[in-house]
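Summary of structural features
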Protein chains: 2
Amino acid sequence: MPQPDNNTSSIKMLNEDVYPKLASLFKLFGDTTRLRILHALEQKELCVGDLAALLDITESAVSHQLKALKLSNLVKYRRDGQSVFYSLADDHVKILIDIALEHIME
Amino acid sequence: MPQPDNNTSSIKMLNEDVYPKLASLFKLFGDTTRLRILHALEQKELCVGDLAALLDITESAVSHQLKALKLSNLVKYRRDGQSVFYSLADDHVKILIDIALEHIME
DNA sequence: TGAACATTTGAGCAACTGTTCAATTGTTCA
DNA sequence: TGAACAATTGAACAGTTGCTCAAATGTTCA
């Protein structure tokens, strides 16, 4: 006769190296400053100085955060003269923020 | 004649109290343990002991994390005898994880 | 080239986070 | 009621994070 299943035997987990990658990605959205940067970049390509002025934080702080966002391919950039213009790398950012907004609005 | 616009005047930010709420929500997804819990609960209602055994962590650690997930309405629960069974509160969790998976798979 | 502007970088530090451990609370059943 | 099982709680600690400050790097233009 079949052994009684324990309650978790049917659960399929992802490969264990996927969770840290997911967590690193979500961590980037888990900070007010980075969210404000991303939300601004949803609307318009902006340079470091623009973002610093708009969000009222230092250019250094902006640059540090953009570096993190860049490393995870959430933003892309192009240099134009002295300025470096940043924009969203793809539309996943907007989608993620929109879904999260839906959740908190309930 | 119209003043030359600065580069950020057209940007519409959300109410400033929304970003901390969004950040708090995303922070919950920014941890490997919580992601594994959420991913398991996507598939099946589970109690604390099930999760602890499945993920090979202490029941205390599971309980601490479930408390955080509960406070943000990501999971719901029902007591059945000695056990407390947890499940996802809505489908936003699955959607968010799926979009994030899409991003890291690129 | 040199001055001015824009951005990046690295070190240091205060604040926050996730875990462990021990104690407590809740539930069942003999 | 009391023993056993399940879950929760709070304090404490190590590790991480985001900012500031100062210095360095890039770029333009006179």
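Here, every reference points to the structure presented above.
I will try to describe carefully the structure that is included in this document.

Basis of the calculations
- Residues numbered from 1 in each chain as written.
- Chains lettered and ligands numbered in written order.
- Predicted model: local features only at pLDDT ≥ 70, side-chain atom pairs only at ≥ 80, totals over all residues.
- Heavy atoms only, no water.
- Near = heavy atom within 4 Å.
- Polar contact = N/O pair within 3.5 Å; in protein donor to acceptor, adjacent residues only side chain to side chain.
- Helix = DSSP H or I, 4+ residues; strand = E, 2+ residues; numbered from the N terminus.
- Nonpolar A, V, L, I, M, F, W, Y, C, P; charged D, E, K, R; others polar.
- Pairing = 2+ DSSP bridges.
- Contact = heavy atoms within 4.5 Å.
- Axes fitted to C-alpha atoms, helices over the stretch in contact; angles between N-to-C directions.
- Buried < 20%, exposed > 50% of the residue type's maximum accessible area, 1.4 Å probe, protein only.
- Least-squares fit on C-alpha atoms with pLDDT ≥ 70 in both.
- Buried area = accessible area lost by both parts, 1.4 Å probe.
- Salt bridge = Lys/Arg side-chain N within 4 Å of Asp/Glu carboxyl O.
- Core = buried A, V, L, I, M, F, W, Y, C linked by side-chain atoms within 4.5 Å.
- Lys, Arg positive; Asp, Glu negative; His and termini not counted.

Quick look at the protein's contact with DNA strand C
If you check the shell around DNA strand C, you find 24 residues, and the closest are A:Tyr86, B:Thr33, B:Arg34, B:Ser60 and B:Gln65. Sugar and phosphate atoms represent 67% of those atoms of DNA strand C found within 4 Å of the protein. One nitrogen or oxygen atom from the side chain of B:Thr58 is found 3.4 Å from a phosphate oxygen belonging to DNA strand C. When residues of the surface near DNA strand C are traced back to their parent elements, those giving at least two are helix 3 (48-55), helix 4 (59-71) and strand 3 (83-88) of chain A together with helix 2 (32-43) and helix 4 (59-71) of chain B. Class assignment of the residues belonging to the surface near DNA strand C gives a composition of five nonpolar, 13 polar and six charged.

What about the sheet that holds strand 2 (residues 75-80) of chain B?
All names here are of chain B. An order of 1-3-2 is seen for the three strands of this open sheet, with the pairing classed as antiparallel. Here the strands that pair on one side only, and so sit at the sheet edges, are strand 1 (46-47) and strand 2. Note that strand 2 and strand 3 (residues 83-88) share six bridges and pair antiparallel. If you follow Val-75 over to strand 3, its bridge partner there is Leu-88. Across the sheet, helix 2 lies against strand 1, strand 2 and strand 3, angled at about 90° from strand 3, the strand it touches most.

Some thoughts on unusual backbone geometry
Residue and element names in this part refer to chain A. Despite not being glycine, Asp-56 has its phi angle at roughly 60°, a positive value. Note on placement: Asp-56 falls in the loop between helix 3 and helix 4. Of the residues examined, Asp-56 reaches a relative accessible area of 68% and is grouped as exposed.

Comments concerning the relation of the copies chain A and chain B
Once turned by 180° and shifted 0.0 Å along the axis, chain A lies on chain B with an RMSD of 0.0 Å. Both copies of the chain, as the preceding transformation shows, are related through a two-fold rotation axis. By residue overlap, the copies meet face to face through one surface: 100% of the interface positions of chain A are interface positions in chain B.

Re the interface of chain A and chain B
At the junction of the two partners, chain A supplies 48 residues and chain B supplies 48 residues. Carbon and sulfur atoms make up 72% of the area that chain A and chain B hide from each other, which totals about 4,300 Å². Of all residues in chain A, A:Phe26, A:His92 and A:His103 bury the most surface against chain B, accounting for 15% of the area lost on that side. Between A:Glu16 and B:Arg36 there is a salt bridge, and its shortest N-O distance comes to 3.2 Å. The tally of links from chain A across to chain B stands at 18 residue pairs in polar contact (both at pLDDT 80 or more). Listing elements by their share of the side of chain A that touches chain B, those giving two or more residues are helix 1 (18-29), helix 2 (32-43), helix 3 and helix 5 (92-105) of chain A. Within the side of chain A that touches chain B, the residues separate by chemical class into 25 nonpolar, 11 polar and 12 charged.

Topic: the protein's contact with DNA strand D
By nearness alone, 25 residues border DNA strand D, and A:Thr33, A:Arg34, A:Ser60, A:Gln65 and B:Tyr86 come closest of all. Note that a base oxygen of DNA strand D is positioned 2.8 Å from one of the side-chain N or O atoms of B:Ser60. The set of elements that each furnish at least two residues to the surface near DNA strand D consists of helix 2 and helix 4 of chain A together with helix 3 (48-55), helix 4 and strand 3 of chain B. Here the surface near DNA strand D gets six residues from one element, more than from any other, and that element is helix 4 of chain B. Of the residues contributing to the surface near DNA strand D, the split by class is five nonpolar, 13 polar and seven charged.

Let's talk about the nonpolar core
Residues A:Phe29 and B:Phe29 are the most contacted members of the largest nonpolar core, which totals 66 residues. If near-sequence neighbours (up to four positions away) are discounted, A:Phe29 is found in contact with A:Leu35, A:Leu38, A:Leu74, A:Val93, A:Leu96, A:Ile97, B:Ala23 and B:Phe26.

Describing the side chain of A:Asp50
Within the element layout of this structure, A:Asp50 appears in helix 3. Summary of buried charges: A:Asp50 has no salt-bridge partner, and the nearest side chain of opposite charge, A:Lys44, is 6.2 Å away. Within the structure, the side chain of A:Asp50 is placed 2.6 Å from the side chain of B:Asn7, a separation counted as a polar contact. Apart from the residues within four sequence positions on either side, A:Asp50 is in contact with A:Phe85, B:Asn7 and B:Thr8.

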